[in-house]
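Each chain is listed here by its residues.
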Amino acid sequence: MKTLIIAIVALGVAGPVAAQDFEKCSITPVDQVGFVDTFTDAEACVEACKTTDGCDSWSFLPHSFDSSMPGQCKLIKGVFKKEESERGYCGEL
């Protein structure tokens, strides 16, 4: 019983779940409502979409050779086409 209690406490202290895994894809927009080239991760792109009027989806392309440098975040209204991508990430709210 003591071992079970210790295990439960350890799980509670283990920390947050790993960051969300984003889909590897790219979106061709019906309309683009914003573009940001100062973000270094997809999470910032998602947050920008949430706070931009008309934004219902997003696409983030990291810098090609240095992940500490900003990539390209497209804030999108309407998805024309969604495709798999080796480099980029995308999603819909």
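Placed above this text is the structure.
Right, let's get into the pairing of strand E2 (residues 57-61). Two faces, one strand: in a regular strand the side chains alternate between the faces of the sheet. For E2, the tally of buried residues reaches 4 of 5 residues, placing the bulk of the element in the interior. As paired elements, E2 and strand E3 (residues 72-84) share 5 bridges and run antiparallel to each other. The partner of Trp-58 across the bridge, within E3, is Leu-75. With 4 bridges joining them, E2 and strand E4 (residues 89-92) adopt antiparallel strand pairing. When the sheet's bridge partners are listed, Ser-59 is paired in E4 with Cys-90.

Each strand in a sheet pairs with another by means of backbone hydrogen bonds, the pair being arranged parallel or else antiparallel. Taking strand neighbours across the sheet as the criterion, the 4 strands line up as E1-E3-E2-E4 in an open arrangement whose pairing is antiparallel. In this open sheet, the two edge strands, each paired with only one partner strand, are strand E1 (25-36) and E4. Recorded for the sheet is a direction-independent mean angle of 40° between the axes of neighbouring strands. Pairing analysis gives 10 bridges linking E1 to E3, with the strands arranged antiparallel. Bridging across to E3, Phe-35 finds its partner in Lys-74. In the packing of helix H2 (residues 42-50) onto the sheet, the strands contacted are E2, E3 and E4, and the crossing angle to E2 comes to about 155°.

Among the residues of H2, Ala-42, Cys-45, Val-46, Ala-48 and Cys-49 are the ones counted as buried. Summarising the axial view, the buried residues of H2 lie within an arc of 160°, below the 170-degree limit, and thus occupy one face. Lining the buried residues of H2 we find E2, E3 and E4.

About the cut-offs
Residues numbered from 1 in each chain as written. Predicted model: local features only at pLDDT ≥ 70, side-chain atom pairs only at ≥ 80, totals over all residues. Heavy atoms only, no water. Buried < 20%, exposed > 50% of the residue type's maximum accessible area, 1.4 Å probe, protein only. Helix = DSSP H or I, 4+ residues; strand = E, 2+ residues; numbered from the N terminus. Pairing = 2+ DSSP bridges. Axes fitted to C-alpha atoms, helices over the stretch in contact; angles between N-to-C directions. Contact = heavy atoms within 4.5 Å. Arc of directions from axis to C-beta.

In short, shape yes, function no, at least from these values alone.
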